[in-house]
Amino acid sequence: MIKNRDTRFTLLLLIPVLLVLIAYVLYPSLRTFMESLQKDGSMTFGNYSDFFTQESKTNLEALWNSVYISILSVLVSAFIGIPLAFIFNRYDFPGRGFFASAAIMPIVLPSLVGVMAFMFLYGETGLIPNAIKDLFGLDEVPFKIGGVSGILIVHAYTMYVYFYMTVSSAINKIDPSLEEAAYNLGANRFKVFWKITFPLLTPAIVAASLLVFMISMASFSAPFLLAGGYRVLSLQIYFSKINGDMEVAATQSVILSIVSISFLLFMRWYQNRKDYRMASKGIGAHRSEVNHPLLKWILVFTGVVGVIILLLPHFTILLLSLVPDGTWTWQTYPSVFNFENYRLLYQDPNIFKPLKNSLILSFIATAGNLIFGVLASYVLVKRKFVGKSFVDILVMIPWALPATVIGMNLIFAFNEPTIFSFGNILVGTFWILPLAYFIRHIPLVVRSTNAVLEQLDDSIEEASRSLGAKWFYTFRKVILPLILPGVLSGTLLAFVESVGEFPTSVLLYTISNRPISIEIMNQLRMFNMGQAAAYGMIQISLIALVLFISNKFFGVKAEKSLS
Amino acid sequence: MASINIDNVQKAFGKVMAVDHLNLDIKDGEFFTFLGPSGCGKTTTLRMIAGFYYPTKGVVRFGKKDMTRVPPEKRNTGMVFQNYALFPHMTVFENVAFGLRVRKLGSKELKMRVEDVLQKVRLEQYADRQVSQLSGGQQQRVALARALVIEPEILLLDEPLSNLDAKLRDEMRSEILRLQKDYKITTIYVTHDQSEALSMSDRIAVFNFGVCHQVGTPSEIYNEPANDFVAGFIGEINLLPVKIEKIEREYIYVIVQNGESSSELAVRNAPFNYKEENKGDLALSIRPESINILDKETEGKNIFKGTIEEVQFFGSLINILVRTGGLQLQVNALNSGLSRNLEAGSEVWVELPDEQMRIIPVVNGDGS
Ligand SMILES: Nc1ncnc2c1ncn2[C@@H]1O[C@H](COP(=O)(O)OP(=O)(O)O)[C@@H](O)[C@H]1O
Ligand SMILES: [Mg+2]
């Protein structure tokens, strides 16, 4: 028996957390690994040697393509995001505030919906290339996206936001007196930037680069719709699974996992390392007003054009959702607009079903996330125990693992009865999707709860206990009310992300409970763009609503917990 | 109300010994202060009394009851935290009522008691305010009221005034004393501020590096410090390393060595000035206000010729730095008579009265 009451209690809280992590994070990964060692009924590393030596080099090429696209995505996103962060945080000009908030608009587009919008805007039959063609009387469309360039453009559009947000917050934390001191010592603008400002920003830039690299490695929707014949690893896993090459899919999953988890570990090391650059907080950045009239209006003009480009996908989805099915076939532009698609959504049970499915599945998953997230976060932030960083890493693994891999892990783990599924086979049943969504969003909820719990001084809890309150009373009356806003905003975000979740859905759904993203894919296949876009609009509104509620009522910038 | 007995308590955090061999007896109703530099183990000791830490070794008793492993919520101690730890989502009233709600008090009595204590801390008009709307001093009063309303046996205060500005600090000092006398409650007060400790306490325990060096009344601590650490930590003092040359019935003769030169001093042989059990390295201590400045050579013991190196003017007090031979002495004189005309460079004579000098043991820096 453990003597110390506190230690015993910590253990009591820790056990369920560990059980969940082992059962649904660790065990499925290990099952995939075991599967990858199976070849022709025996245990070998054969699948791995095939991966690297196979004559057609398909797999190696896919791995290389993934890395190549990821590196390019980092460069392009940095190239857009970092200058934007500087301009919006260091200079003042008319409309700055509006442009600055518009800059994060890409995150209200769920990935599948975003890619769809890009296809309709810039694809072969896209509105923009055709508009230009007609405007200038060209014979051919002047450009179209697809393959590498398509994936890259979508990545740049969605991922520059990570650079923009991390670098912005780093810029705002730089103590202006550091730069002033350098000017005072005689340095010119150029020198101050390269010798003072830039070195202070490198941690943020490195963090954003790692993040974008991982997200692009995991990216699924963009290659799924745009790749054409171009192979990337996350997509190859899906194809292997569809073709029934389960051992190959397992091997590909393990290799992709290794890359992702190495990045996670490297990132943790990089962020935990003692850093002299920790800038003093709470000193507002000073913005210099742009006075030169020409420069000022160039900035405003660029801002307006930028906002139009940023919001074009949203408008496209809105526009398409108003085009009834069957009214836009061979014409270049749609001509009929009404609310037919929304009416069907509301009245046709078949069309409403996927939306209802998604809401139910996500609700179950998110309820789990809420309970698990609060418990895990409390143990991680407020309790001491050995092996904390191991638990911490387990919690973060679902964040690092590409969704495709999580889907495969679940297939391998739960296509047979296990104690973790209480002796049931979960694959092919209703429960596999809520489980997948739950696992996917563990890190999001835990991290957003961590952020508020870390703000909460330990002495608050101690004060309550010294006044005679037991732990559970303290937790209910003091801790929970204080952290609730942060927790709820994280949970709501997890909910809307679950509603839009595509990669695990496409691997695990069953016909009877197909979620909204699968239905979007089906409608696209049948060229029912209007209906697909109407589903998309619902997701966009949900995300926007959640961000608005978090900002307005909880005072939390929910978009922060996405990075 | 209760007395507190700390019996040979030790607390280690890994390899760090935060508190070692601590024995304290705190009387019923006493205002007892833990004084010491930051990191010396005051908070750790206080938290062992509150129940937030359990001692590695030793026993904590309230009255006769062994409390060593009783969880904090069952101790009935009222604690005031350094940052107040007010519940930010509750009003002043709800903060104060919290402990009573835990005790399931009826709403009528609860209201009466909360209002009563709010009146005592002069916050009755603020009952419905959010705590974030209060000033630092008012928040401090809420924290006090919240701790007092549960009628604790012991009141624990961890550096309660350190976040207030100087003027408020003086005000809250008398406020705390008034409440303590009102409630006649055993109080432990943690501070690193010697003037707070000297002016408020019935008794003080002086800590350094996890070891308690002396327990005594403020005047005992100031006038008869047990060793060079206590002497140096409280007030200003001249400490000179010495060797005893010879001990006679009336005087003890000591040699102060400083570089090349050495001086002989005669110290009164009385228990106040010298205790036989003090062995090892010794130091001669004398407070700056006990040294007399003379403007001409005078007959008598322990009179040395010196030069003034520096004069600092503090209004009612003048600090003078005098060099005699290799020795540097700090002298504090009242702003009157002779001392008004002193300036750096002038020659003076200093007298170290034999009954004011004390020979005390030197503890090593690590507190052993
Ligand atoms: N929870 C803890 N874990 C590890 N070391 C601690 C902890 N609390 C205090 N210490 C160490 O114990 C020593 C005494 O600390 P503390 O009691 O807080 O000092 P004080 O309150 O006198 O400033 C310090 O060296 C401190 O670093
Ligand atoms: Mg302390």
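All figures in this text were calculated on a predicted structure; none of them were measured in a lab.

**Examining the interface of chain B and chain A**
The interface is formed by 24 residues belonging to chain B together with 19 residues belonging to chain A. Carbon and sulfur atoms make up 63% of the surface buried where chain B meets chain A, a total of about 2000 Å² over both sides. When the buried area of chain B at its contact with chain A is split by residue, E73, H89 and F98 of chain B rank highest and sum to 27% of it. For the pair chain B and chain A, the interface holds two salt bridges. For the salt bridge of R47 of chain B with E462 of chain A, the shortest nitrogen-to-oxygen distance reads 2.6 Å. One can count six residue pairs in polar contact (both at pLDDT 80 or more) joining chain B with chain A. At the level of secondary structure, the elements contributing two or more residues to the side of chain B that touches chain A comprise β6 (77-80) and α2 (92-102) of chain B. At four residues, the largest contribution of residues to the side of chain B that touches chain A is made by α2 of chain B. Of the residues in the side of chain B that touches chain A, the class split is 14 nonpolar, four polar and six charged.

**Topic: the sheet that holds strand β20 (residues 358-361) of chain B**
Residues and elements named next belong to chain B. With antiparallel pairing, five strands are arranged side by side in an open sheet as β13-β12-β11-β14-β20. A strand with exactly one partner marks an edge of an open sheet, and here the two such strands are β13 (261-268) and β20. The sheet shows a mean angle of 45 degrees between the axes of neighbouring strands, taken without regard to direction. Relative to β20, strand β14 (residues 282-286) runs antiparallel, the two being bridged by four bridges. The residue of β20 that forms the bridge with S285 is R358.

**Some thoughts on the nonpolar core**
Counting residues in hydrophobic clusters, the biggest one holds 160 residues, and the most contacted among them are Y164, F372, L410 and F414 of chain A. At 13 residues, the largest contribution of residues to this core is made by helix α7 (residues 147-173) of chain A. Not counting residues within four places of it along the chain, the set of residues in contact with F372 of chain A comprises V17, V20, L21, F438, I442 and V446 of chain A. F87, Y126, A127 and V142 of chain B belong to the second largest nonpolar core, which has 75 residues in total.

**Observations regarding the packing of aromatic side chains**
One pass over the structure, following the stated rule, counts 39 aromatic pairs over all chains. With a centroid separation of 5.7 Å and an interplanar angle of 85 degrees, the aromatic rings of F220 of chain A and Y238 of chain A are classed as edge-to-face. Residue F220 of chain A is located in the loop between α9 (189-218) and α10 (221-226), and its partner Y238 of chain A is located in helix α11 (residues 233-242); the two are separated by 18 residues in the primary sequence. Like F220 of chain A, the residue Y238 of chain A is buried in the burial classification. Ring pairs connect the aromatic residues F9, Y378, W471, F472 and F475 of chain A, which therefore count as one cluster. In this structure, R146 of chain B is placed above the aromatic ring of F87 of chain B, and the distance from its NZ or CZ to the ring centre is 4.6 Å. Stacked on the ring of Y222 of chain B, the Lys or Arg R287 of chain B has its end atom at 3.9 Å from the ring centre.

**Quick notes on the site of ligand 1**
Residue and element names in this part refer to chain B. Neighbouring ligand 1 are F13, V16, A18, S38, G39, C40, G41, K42, T43, T44 and Y53. At 2.6 Å, a backbone N or O of G39 approaches an oxygen atom of ligand 1. Note that an oxygen atom of ligand 1 is positioned 2.5 Å from one of the side-chain N or O atoms of T43. At the level of secondary structure, the elements contributing two or more residues to the shell around ligand 1 comprise β2 (16-26) and α1 (42-50). Ranked by residues supplied to the shell around ligand 1, first place goes to α1 with three residues. A class-by-class count of the residues in the shell around ligand 1 yields five nonpolar, five polar and one charged.

**Side note on the UniProt feature "domain: ABC transmembrane type-1" (unreviewed entry) in chain A**
Residues and elements named next belong to chain A. Within the UniProt annotation, "domain: ABC transmembrane type-1" (unreviewed entry) is assigned to residues 63-267 and 355-550. Taken end to end, residues 63-267 comprises 79% helix and 1% strand; its first and last C-alpha atoms sit 21 Å apart. Secondary structure over residues 355-550 splits into 78% helix and 0% strand, and the C-alpha atoms at its two ends are 23 Å apart.

**So, the sheet that holds strand β18 (residues 327-334) of chain B**
Residues and elements named next belong to chain B. The sheet built from five strands is open, its strands ordered β15-β19-β16-β17-β18 with antiparallel pairing. Bordering the open sheet on either side are β15 (292-294) and β18, each of which pairs with just one other strand. For this sheet the average axis-to-axis angle between neighbouring strands, irrespective of direction, equals 45 degrees. Bridging between strand β17 (residues 317-324) and β18 involves eight bridges; their strand directions are antiparallel.

**Some words on the UniProt feature "domain: ABC transporter" (unreviewed entry) in chain B**
Sequence positions flagged by UniProt for "domain: ABC transporter" (unreviewed entry) are, in local numbering, residues 4-234 of chain B. The distance separating the terminal C-alpha atoms of residues 4-234 of chain B is 25 Å; by composition the span is 36% helix and 26% strand.

**Some thoughts on the packing of helix α15 (residues 349-382) of chain A against helix α18 (residues 432-440) of chain A**
All names here are of chain A. For the pair α15 and α18, interaxial distance at closest approach is 8 Å and the crossing angle is 45 degrees. Between α15 and α18, the crossing angle belongs to the class labelled oblique. Handedness of the crossing formed by α15 with α18: right-handed. Packed against α15, whose contacting residues are L361, S362, I364, A365, G368, N369 and F372, the element α18 presents L433, P434, Y437 and F438 at the interface. Here the residues of the contact of α15 with α18 sort into eight nonpolar, three polar and no charged.

The rules behind these values
- Residues numbered from 1 in each chain as written.
- Chains lettered and ligands numbered in written order.
- Predicted model: local features only at pLDDT ≥ 70, side-chain atom pairs only at ≥ 80, totals over all residues.
- Heavy atoms only, no water.
- Contact = heavy atoms within 4.5 Å.
- Buried area = accessible area lost by both parts, 1.4 Å probe.
- Salt bridge = Lys/Arg side-chain N within 4 Å of Asp/Glu carboxyl O.
- Polar contact = N/O pair within 3.5 Å; in protein donor to acceptor, adjacent residues only side chain to side chain.
- Helix = DSSP H or I, 4+ residues; strand = E, 2+ residues; numbered from the N terminus.
- Nonpolar A, V, L, I, M, F, W, Y, C, P; charged D, E, K, R; others polar.
- Pairing = 2+ DSSP bridges.
- Axes fitted to C-alpha atoms, helices over the stretch in contact; angles between N-to-C directions.
- Core = buried A, V, L, I, M, F, W, Y, C linked by side-chain atoms within 4.5 Å.
- Buried < 20%, exposed > 50% of the residue type's maximum accessible area, 1.4 Å probe, protein only.
- Phe/Tyr/Trp six-rings, centres within 6.5 Å; stacked < 30°, edge-to-face > 60°.
- Lys NZ or Arg CZ within 6 Å of the ring centre and 35° of its normal.
- Near = heavy atom within 4 Å.
- UniProt positions renumbered as here; feature names shortened; annotations may be inferred.
- Parallel < 35°, antiparallel > 145°, perpendicular 65-115°, else oblique.
- Left-handed = near helix turned anticlockwise from the far one by under 90°.

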